[in-house]
Amino acid sequence: MPQTTILIFGATGYIAGTLLLRLLELPNVSITVLVRSADKAEKLRKLNLGLKVVEGSPTTDAALLVDLLKDTDLLIDSYNCDDIVGAQNIAAALRKSEKKTRVIHVSGTGVLMDDALGRDIPNKVWDDANVEEMASLEINRNHRNVDLEFLKADVDGVIYSYLVLPGAIFARPRGALVDAGIQDPDGKQHLSNGMPQNVIKLGEPVIIGEGLNRWAIVELYELVEFLVILVTKLLSSEWERVPHGAEGYFFVENGSVQLREVSLTAARAMTGKAASKTRPITVKEFTDFGYPEFVMHVIGGNTRCVSTRARRLGWAPVKGEAEFLKEVEAYTLETVNKKK
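Attention here is on the structure that accompanies the text. Predicted model only: the values in this text are computed from it and were never measured.

1. Observations concerning the packing of aromatic side chains
Enumeration over the complete set of coordinates arrives at five aromatic pairs. With a centroid separation of 5.7 Å and 40 degrees between ring planes, the pair formed by Phe226 and Phe250 is classed as tilted. Of the two residues, Phe226 is situated in helix α9 (residues 220–234) and Phe250 in strand β11 (residues 249–252); the sequence distance between them amounts to 24 residues. Under the relative-accessibility criterion, Phe226 is labelled buried at 0%. Among the residues examined, Phe250 registers a relative accessible area of 0% and is labelled buried. Ring centres of Phe226 and Trp315 lie 6.1 Å apart, and the angle between their planes is 70 degrees; this geometry places the pair in the edge-to-face category.

Given below as structure tokens:
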């Protein structure tokens, strides 16, 4: 029986680097990874994991993509959900392939973000099984232009697209890639790390606006568990039953967290005392820390959603708000102790 060929973009990153170690356990697969950093590529080869490691980037190596994708059964793109040039290069290469590749693109629930600036909008909860609502997402939303490249290729009959949209991810990666200095041990936990950094720098629990907005959340290893479920389904004889294209959105969340609670948790960890009062961070304070002003709108938005389709595939997460706030507490304590 011929091996199934899997190609991974972003394989040294926060999500795909963690996923890669799980995919190596699958039987009868041949895995190729595209790695931008020559140093990381060499470190990955030295681990002798049984991978084919190729140096390059979807953004800069369009011709290389054509060669890599011509024989690929399953592409997992976790490189950069805002890289429109890379997405266009991937789509163009897929159009030249004789195979109709199954493509998992990892996007994010940031596409759902409103401009609440700390206000709660409790009646708005997105559902990935609502096809009409998902189709209504405007092109100017975060990640949306990239998502549309894959959706259009699906509509055109070039690929089968599966868009995976995780909530704010928490927990740190661990394992061989971290130990080898390939994968960042802190990952990209923007919400669980970013707001505590502001609290630590200012010495008090600051928020965006009222801090009542809520972000969908998911624990890293539970996200990876869903991706393994999805990959396994797509490699099975019943893969055509998995919805794709306009019906192939998969939110990955297990509840939500309120920005105010993140700030208060960080303040309590920093001082050892429970805090009850917060104040809005000013634009100047925020930008003085090196953040662009638009990030305030990102952190201050709502992304409430329900992952109907992921749960239909058998995904059953257990870690949610309590575990997220424990991560905030641990990160804050570690950061404060490093400064002593």
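2. Quick look at unusual backbone geometry
One non-glycine residue, Asn48, adopts positive backbone phi at about 55 degrees. In this structure, Asn48 sits in the loop between α2 (38–46) and β3 (52–55). We note that Leu117 has phi near 50 degrees; this positive angle belongs to a residue other than glycine. Along the chain, Leu117 turns up in the loop between β5 (102–106) and β6 (126–127). Given the relative accessible area of 34%, Leu117 is considered partly exposed.

3. Quick word on the environment of Ala216
Relative to the helices and strands, Ala216 is located in strand β10 (residues 214–219). Separated by 42 residues in the primary sequence, Ala216 and Gln258 place their C-alpha atoms 9.2 Å from one another. Aside from chain neighbours lying at most four places away, what touches Ala216 is Thr109, Gly167, Ala168, Glu253, Gly255, Ser256, Thr303 and Cys305.

4. A word on empty space enclosed by the protein
Applying the stated criterion across every chain, the model contains one cavity of 30 Å³ or more. One number sums up the size of the largest cavity: a volume of about 40 Å³. Lining of the largest cavity is provided by Pro58, Asp77, Tyr79, Asn80, Asp83, Gly86, Ala87, Ile90, His105 and Val146. Here the lining of the largest cavity takes three residues from helix α4 (residues 84–95), the largest share from any one element.

Calculation criteria
- Residues numbered from 1 in each chain as written.
- Predicted model: local features only at pLDDT ≥ 70, side-chain atom pairs only at ≥ 80, totals over all residues.
- Heavy atoms only, no water.
- Phe/Tyr/Trp six-rings, centres within 6.5 Å; stacked < 30°, edge-to-face > 60°.
- Helix = DSSP H or I, 4+ residues; strand = E, 2+ residues; numbered from the N terminus.
- Buried < 20%, exposed > 50% of the residue type's maximum accessible area, 1.4 Å probe, protein only.
- Contact = heavy atoms within 4.5 Å.
- 1 Å grid on protein atoms, 1.4 Å probe; cavity = no way out; pocket = protein on both sides within 12 Å on 5 of 7 lines; lining within 4 Å.
- Points joined across faces, edges and corners; volume = space filled by probe spheres on them.

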